[in-house]
Amino acid sequence: MSITHEQLEVWFTFLRDRAEEQGTPQMNRMAGYAYGYGKAMLDTGNEEKAAKKLTWLIDTSEQFKNHANYPGRKAAAPTTPLD
């Protein structure tokens, strides 16, 4: 599995925004820690530890899967217009 900074950022941004909407600074802080740690692990070449933080961000975001900006929806969206 290849983890990128962009993947971490997408999921972090989504989760951070939901935490701000709900007024839950603890979730915001935990997401920030996971994001920062994941980025640091990528920078040092430890993709396994970065993957664990990405998994945490994705799993925690699951509670908001019905939100219009849920990153998982973008992958499933049609690439051509529907008639």
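Everything that follows concerns the structure shown earlier in this document.
(A) Broad picture of the pattern of salt bridges. Enumeration over the complete set of coordinates arrives at three salt bridges. Put simply, Arg 16 and Asp 17 hold a salt bridge, and the shortest N to O gap is 3.0 Å. The exposure class assigned to Asp 17 is partly exposed, which follows from its relative accessible area of 25%. For Arg 18, the salt bridge identified is with Glu 21, shortest N-O distance 2.8 Å. One end of the pair is Arg 18 and the other is Glu 21, both in helix 1 (residues 5–22) and three residues apart, which spans about a single turn. For Glu 21, a relative accessible area of 53% corresponds to the exposed category.

(B) Just the nonpolar core, in detail. Residues Ile 3, Leu 8, Leu 15 and Leu 57 are the most contacted members of the largest nonpolar core, which totals 19 residues. Not counting chain neighbours up to four residues away, the residues in contact with Leu 15 comprise Met 27, Ala 31, Trp 56, Leu 57, Thr 60, Ser 61 and Phe 64.

(C) Main features of the packing of aromatic side chains. Taken as a whole, this structure holds four aromatic pairs when the rule is applied. Between Trp 11 and Tyr 70, the aromatic rings sit 5.4 Å apart at their centres with planes inclined by 80°, giving edge-to-face as the arrangement. A residue pair is termed long-range when its members are at least 10 positions apart, and Trp 11 in helix 1 and Tyr 70 in the loop between helix 3 (47–61) and helix 4 (71–76) qualify at 59 residues. Here the two residues Trp 11 and Tyr 70 agree in accessibility, since each one is buried.

Each value, and the rule that gives it
Residues numbered from 1 in each chain as written. Predicted model: local features only at pLDDT ≥ 70, side-chain atom pairs only at ≥ 80, totals over all residues. Heavy atoms only, no water. Salt bridge = Lys/Arg side-chain N within 4 Å of Asp/Glu carboxyl O. Buried < 20%, exposed > 50% of the residue type's maximum accessible area, 1.4 Å probe, protein only. Helix = DSSP H or I, 4+ residues; strand = E, 2+ residues; numbered from the N terminus. Core = buried A, V, L, I, M, F, W, Y, C linked by side-chain atoms within 4.5 Å. Contact = heavy atoms within 4.5 Å. Phe/Tyr/Trp six-rings, centres within 6.5 Å; stacked < 30°, edge-to-face > 60°.

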